[in-house]
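Summary of structural features
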Amino acid sequence: MSTQVGSLVINLEAGVAKLQRDMQAVSKTVSDSMGTVQRDSARALQAVEQGSARMAQAVDESFGQATAAAKGLVAVYSGFKVAELARDATLAAARYETMGVAMTVV
């Protein structure tokens, strides 16, 4: 009986030692995995930030181009309106002069 108990104790100690080694291996694997996850997360965050910065810059450039185009359209429209005003003023002056000539003749 004591031989069986001694054998059981030896087997139990060997099992505990193996369990400790296995737990250390699992702990190392988990630590390595966490390090990899943190590294990959940092890279992904950096990529997202860079992509967002590029998109913001592209939007700013697009708005700049749209603003320049709108300014050009406003300038052309203003020129057209000034020319129209000059034409109307010239026609009014011509009609006034024609009315003065007609009044002189009558």
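Keep in mind that this is a model prediction, so the values were computed, not measured.

With that settled, consider the overall build of the protein chain. Within the protein chain one finds one helix and zero strands. Taken against the 2.2 N^0.38 rule, which gives 13 Å for 106 residues, the C-alpha radius of gyration of the protein chain at 45 Å runs more than 25% over that of a compact globule. Of all 106 residues assigned to the protein chain, the portion counted as buried reaches 1%. Distance between charge centroids for the protein chain: 3 Å, based on 10 positive and 10 negative side chains.

Moving on, we come to a nonpolar patch on the surface. A surface patch of nonpolar side chains, about 260 Å² in accessible area, is lined by Val26, Val30 and Met34. Secondary-structure assignment places methionine 34 in helix H1 (residues 2-105). Exposure remark for methionine 34: the relative accessible area of 45% places this residue in the partly exposed category.

This next bit is on the pattern of salt bridges. Scanning the entire structure with this criterion turns up five salt bridges. The closest approach of N and O atoms between lysine 81 and glutamate 84, which form a salt bridge, is 3.3 Å. Linking lysine 81 with glutamate 84, this pair stays in helix H1, spanning three residues, or about one helical turn. According to the relative accessible area criterion, lysine 81 is partly exposed, its value standing at 34%.

Before going further, it helps to spend a moment on the environment of leucine 85. Within the secondary structure layout, leucine 85 lies in helix H1. Leucine 85 gets classed as exposed once you look at its relative accessible area, which sits at 62%. Along the backbone, leucine 85 and alanine 102 are 17 residues apart, and their C-alpha atoms lie at a distance of 26 Å.

Rules used in this analysis
- Residues numbered from 1 in each chain as written.
- Predicted model: local features only at pLDDT ≥ 70, side-chain atom pairs only at ≥ 80, totals over all residues.
- Heavy atoms only, no water.
- Helix = DSSP H or I, 4+ residues; strand = E, 2+ residues; numbered from the N terminus.
- Rg over C-alpha atoms; globule rule 2.2 N^0.38 Å.
- Buried < 20%, exposed > 50% of the residue type's maximum accessible area, 1.4 Å probe, protein only.
- Lys, Arg positive; Asp, Glu negative; His and termini not counted.
- Charge placed at Lys NZ, Arg CZ, Asp CG, Glu CD.
- Patch = residues over 30% accessible without salt bridge, like charges linked within 9 Å, V, L, I, M, F, W, Y side chains within 5 Å.
- Areas by Shrake-Rupley, 256 points an atom, 1.4 Å probe, with all protein chains shown as cover.
- Salt bridge = Lys/Arg side-chain N within 4 Å of Asp/Glu carboxyl O.

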